[in-house]
Every structure is written in C-alpha cells, then in structure tokens.
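# Architecture and fold: a report
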Amino acid sequence: MAAENYSNGGPDSNPCYLQKFGLYSTCSNFYMIGRDKNQTVWRVLKIHRLDSSELTILEDPTTYSEFECFDLLRRIHDGNRSTGGLNFVTACYGIVGFVKFLGPYYMLLIKKRRKIGSICGHNIYAVTKSEMIPISNSPDQSNVAYSKNEKRYKKLLCAVDLTKDFFFSYSYNVMDSLQRNLCKNETGLGHYETMFVWNEFLTRGIRNNLNNTLWTVALVYGFFKQVKLSVSGRDFMFTLIARRSRHYAGTRYLKRGVNEKGRVANDVETEQIVFEDVPEGCPTQISSVVQNRGSIPLFWSQETSRLNLRPDIILSKKDPNYDATRLHFENLVRRYGNPIIILNLIKRCEKKPRETILRAEFANSIRFLNNSLTEEDRLRFLHWDLSRHSRKATKSVAVLSRVADYALNLTGIFYCQVTPNCRPEGLLNLSCLVQNDEKLGKDAGNDKQNSSENVKPPMFQNGVLRTNCIDCLDRTNVAQYAHGLMALGRQLHAMSFIESHTIDQNSPLVDELMTVYEEMGDTLALQYGGSAAHNKIFCQMRGQCKAATQSQEFFRTLQRYYRNAYLDAEKQRAINLFLGHFQPQQGKPALWELDSDQHYTVGSHGLNSDEYAKPSFKRSLSDGNILYGTNTSMAASNVGHLERLSENLGATQGLSDSSSEMPTSEISYSSLIPRMSCKQLFGDMEMDHFFEGQQQVHSLKTLVWN
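Quantities reported herein were computed from a predicted structural model and do not represent experimental measurements.

Mean pLDDT over the protein: 80, with 75% of residues reaching 70 or higher. Note on residues 2-14: pLDDT is under 50 here. Beyond four places in sequence and across chains, it has 29 contacts.

Our next topic: the sheet that holds strand β4 (residues 57-59). Judged by pairing direction, the sheet is antiparallel, and its five strands sit side by side in the order β4-β3-β2-β1-β5 without closing on themselves. Edge positions in the sheet fall to β4 and β5 (87-92), since each has one partner strand and no second. For this sheet, the mean angle separating the axes of adjacent strands, direction not counted, is 20°. Bridge analysis of strand β1 (residues 18-25) against β5 gives five bridges, and the strand direction is antiparallel. What sits directly across from Leu23, in β5, is Thr90. Taken strand by strand, helix α1 (residues 66-79) contacts β1, β2 (29-36) and β3 (42-48), and its axis lies near 25° from that of β3. Lying on the sheet, helix α5 (residues 200-210) is in contact with β3 and β4; it crosses β4 at an angle near 45°.

So, about α1. Taking 1.5 Å per residue, 14 residues should reach 20 Å; α1 reaches 20 Å between its end C-alpha atoms and fits that length. For α1, every residue scored as buried is listed here: Cys69, Leu72, Leu73 and Ile76. Angular distribution of buried residues about the axis of α1 spans 100°; they occupy a single face of the element. Check the buried side of α1 and you find it contacts β1, β2 and β3.

Calculation rules
Chains are numbered independently. Their residues run from 1 in the order of the written sequence. Per-residue local features are limited, in this predicted model, to residues with pLDDT of at least 70; the limit for side-chain atom pairs, both in listing and counting, is 80 or more; totals at the level of whole chains, interfaces and linings are taken over all residues. Only heavy atoms go into the side-chain values, all of them from the structure, while hydrogens and water stay out. Residue-level confidence of the predictor, termed pLDDT, takes values from 0 up to 100. We call two residues contacting when some pair of their heavy atoms lies within 4.5 Å. Strand pairing is assigned whenever DSSP identifies at least 2 bridges connecting the two strands. Helix and strand definitions here come from DSSP, where helices need a minimum of 4 consecutive H or I residues and strands a minimum of 2 consecutive E residues; each element is numbered from the N-terminal end. Interaxial angles span 0 to 180 degrees and are taken between N-to-C directions of axes, which are lines fitted to C-alpha atoms, for helices over the stretch in contact. One less than the number of residues in a helix, times 1.5 Å, gives the span that helix is expected to have. Relative accessible area decides the class of each residue, using a 1.4 Å probe on protein chains only: under 20% of the type maximum gives buried, over 50% gives exposed, and in between gives partly exposed. This arc corresponds to the set of directions leading from the helix axis out to the C-beta atoms.

Have a look at this one:
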C-alpha cells in the first residue's frame, strides 16, 4: 500500500499501486508480473523455487511498459525450453503473505476480489477467493510436504477464511481512521505493523526483504458496510467500519481480559464515516467519529465447559498495582488522546456473584489509576446495568443516548472538506483539505451553494468512548448504536444537512442506522462468540413478536454454547497459526498437542522454556504473556503510578509496534465542557450507587468523573 520509489524503497512524489498480478513459473523460479490500474507501470518479482529452506525473493528494479514486460517473459520462456519453458499459473490481486510449517514455504494469494465501497475515491475491496501455492520444486521436500502434520497445518491455516470479513485497499490506509489518514502524511512499512493488520506476520519477510509494500495487501479483519442514505432531500454516503485488533485475538472463552502488555481481548475500533454524495472530482464534506470496545482490562478468565452454559468467572490477583490496566489505558490515550470515557454495562446485582466480581475490581482499578492523575487526565468512568433495564428498550436507548451526548461533548467529532486527488492513487493527507479561501464547490449545478459559502474550518476528535460489557458483544453493540446515532446528528449538522444536532426519532435514519449496527453486531459476535448477537433491544424497538424474539435468543444461546464448547479450541489454533503466535518446528510438540495457547511465542524459537509447565487454571495468553509463565505478580513497570498517563507514553515499551495515535487538535475539549452530575446524565433512570462506605459522601458526579 505504500507509495514507494521502486529503485531505492523511498517515498516517491508520483506514487502508483500495483493492483493486478500474473504468476508464471519455470522449473526453478516463479515470476510475478504486476501492473497498476492504468496499465502504464509493469514490474517483475522473482521467487526462487529450488531452495526449500529459505525464501529468496528478488525484485527487478526496472519499470517496464506492457510490450517490454511480455518481451521479457518471452525471453524467459525461450531460455527455459529444455526444462518445460515458462508456464502461466494464475492471475491474482495481491500477495497475502508467505508461511512455512514443517516443509516448504507457501505463498498466499488473493484470487478474486469484490468492491465493497470507496472513501474519497479510494476503493475498498473484500476477498472473495484465495489460494495457497507451494513455493518449493525440490524433490527433497516431497515426503515432508505431504506428511500428516503438514497437511493438518495447511488445513488449519485455511480455516481462517479470508473470504469472510477481511477487507483491504491499495491506495487508502483502511487500517487507520480517516482523521489519522488526513492528518498524518505517513506511508510505507509502518502501516502493516499497526494492530489492525492481520497479515503482518505473513508479510513480514517480503516487506523486510524488499523494503516496500508494493506486492502485498494489508488485510483488516472485522466489518465494513457502506450505504447511501438521504435526509432533507440530500443524499450522503454512510460507512461503518469495525477493525479487530490482532493482539490478544481469539475466541470468547479462550481470550478474556488483558495481557501483560495491556492488550485486551475483543479489542475493536469502530469508525463511522459520513460524506456527501457528490459527482466525482468535486470537493466534498466528510466527517468521522471513532469509538472503541474491549474486554475488561483485568486478569480474568472463564473455563470452557460442556456442562455449564454460564461458567464461573475467575479473577486473578497477579497484578495488585494494575500495571497491565494502566498500560491498556495509556495505549488508548496514545491512539485517541484525552479524555478516555469508560462505559461499563455489566450487572451490579446477582444472586451468585459473577459479573459483580469484575465490576468491583474494575472500579477499584480505575480509582487506583486516577489517584495519580490530574483531574484533566483522569479516566471518566460510568457504570450502568443495561441488563436490568433492557425490558424497556426505548428508555434504555434514551439513557445511552444521553451518555453518548455527554461523551461527544468531551471528544468532539472529526470534520473537514476535502478536494479530490489529482491522482486517484495518491494517499489522503493534509494537502487534500480545502483551503479557507476556496469555495465549497465548483460544480456549475450548485451555484446557489457555491457562490456564497466559505469553507468551514476542520474539527477534530480528541479522546474516545470505550464501551464494555462481559463479552463486549450484545449490550456493547446497543450502546455503540446509541453513540453512532447521536454522532450522526452532529455529523449531518456540521455538513449543514440538518439544523439540529440530533436526529428526529421518527426519521427513517433511526431504523436505517439500527440495521447497519445490528449487522455489525452480528458479524463481530460470530467472530468472537460463535453466534449472531443477542438483539433483544433492537427487536423490541422494531415491535417484533416477543415469542419470536425469545425463540431467536434461545437458539443463539445454544449455538454460542456449542461453538464455545466444541469448536473454539480449533478456531483459536488457526488464529494463532495465522498471526504467527505459534510457529511449527521439527522435533517440537505440535500445535494441537498443547493444552492451551499459554505457551505460544512470536519469535522463531517455536516454544518458550516453560512449554511443559501446567498453568494453575486454563486461560489463554497471547504474545505479551509468554514472558511470564505463571500467575505470580508482574515485575515492576518502568513507569511509576505517580506520573501522569499522558507523560508516560514515551516510556512505555510494550506499545511501540501498534500505538498509532489519532491526531488531535490542540484544543482540549474537556477543559471547555462543564461537569454533569449523574442525575443530569441518567435522568430518572436508577443510577448505580456502586461505591460503599466513604464513597457515599461524595456527590453523584464522582461516579461520572471518578
């Protein structure tokens, strides 16, 4: 995806992106031919096939014309006639990466693609067909390549279905938010190393070898949906993107809580983009809002059980100073700026304590962290038991909307006006922003608007709303919908589509937005939980039959239970293999021979020194945890709690590979917004009086600002 100077790997003032490829083979080499969209630039990549132990890739520095390229292929064919000549293998749309199990290297290719949307003229694609091709042509590898374990590893890797919920773009950094893309003029290898590029490990070798990303595509996993909507007779494009983090990634019961690096399970960035539906080449207004969901950042787990639909929650006491929790929130500050607003939707009262165990510990952790922070930098912590009020769907969403309004007052939204790129291949950056002395548009058909309206100054989002329940699926998705609906009103108001900051509840946009968020919720729930989301509140708001809703919810509960109990272990192995958390080695235990993925390592060593140690309870740990094989207390962090979170960012060691922050304006919105009491925020709904004892003497706003 990066704009490269192909002779030396540096930035090029006239970037191009290879989008169509042809793979050819001789007895000793593969030849990959790539061309750009306009068929004006042709490049050649050579992959050696005879050395099965090493991956040798050479890039021809020459840029060819179409005629010159095919003349080169003809000469290669003539030079290899004695061994079968040059043969066409397949057409493709990019390299997903290279992988090695116990035998030869394999090359993963995108065979077919489908356009699913565009942002500022940059197309976004989904994968519709992929293929794995063995590299080696050496007879020495024939026995290993077809061994039982090799076949099983191949099948396991293919279980990560690239045709489901993976998307990419050649010219737009879809792994980054719109605000970051416009405000950070960055290209190159770094984008593949961000937390949302799932094939970072698979592409690492070729990227480091060639020092460019010309031949590979960066795959983002999650959800992408773009629809055309209208309000007040004007059309606009609505885009909803969910990006799943590749760190601490996995399935529901095998990935819970946080790891030592501050990575949480089910970490998803949701971005809502709105832009005018204008003719191609015309300046346009565009706006985005980002929110976040993620598992409760504590060390906790649940045993996968075939006998219990609701297994017990196990809370580990290995982190008394909440170092991992602090690292997680430092990462959020690094990515989005301040303030960080936390909406915790888990239960406050249970006959048998489960969620309430985490509720108490989560509150303690936030209070502990806030004790060392200034009031401006403190984490804004909100509790609300959504399950308790879910029977009154409309009222529940109304409360969540007030929370969303409160959060948006603090964070703001991103808005700007952009000019179309002179070259569609060019990345978005600040040069795309319309200057203040330009008019909004130059289309002759819009004289009324263009003749008098100056360009509005850009607005920036500072901070983020982080929402969680237990699984961060069902209740969380309802809250994210409420936030999205409130944000949409502000976005359309900024674009002068509506006069108010809020959308009329009778507007068709309410149901249209609900449909998109419900689809996103189902997709994310299938990925993490194994079934579509429990959408009881959405069903109630649509007036669906209660009996039908209950039947649907019961079926989804059973489906989720079956997949969690019987299928998730294999799914977790496939994810760990795809992400490089486990790398097979001859003479070492196979992936399926391990009790859990606690011992997987990211390096080339295969397994760590504690590979045969038994954990005290079965829980799933990722690359950040393999440094600590037991549940003993963590080593002291280099960053002290007496320092401000915002000042600690530069000293944090575990975040550098994926801490791409959201650029923000220099105005601190939190300093401009008056405080709100819980009564103002939650109205007549019962507020969670969670803190006991001395906390009761504090005003209710302490629960908001903690």
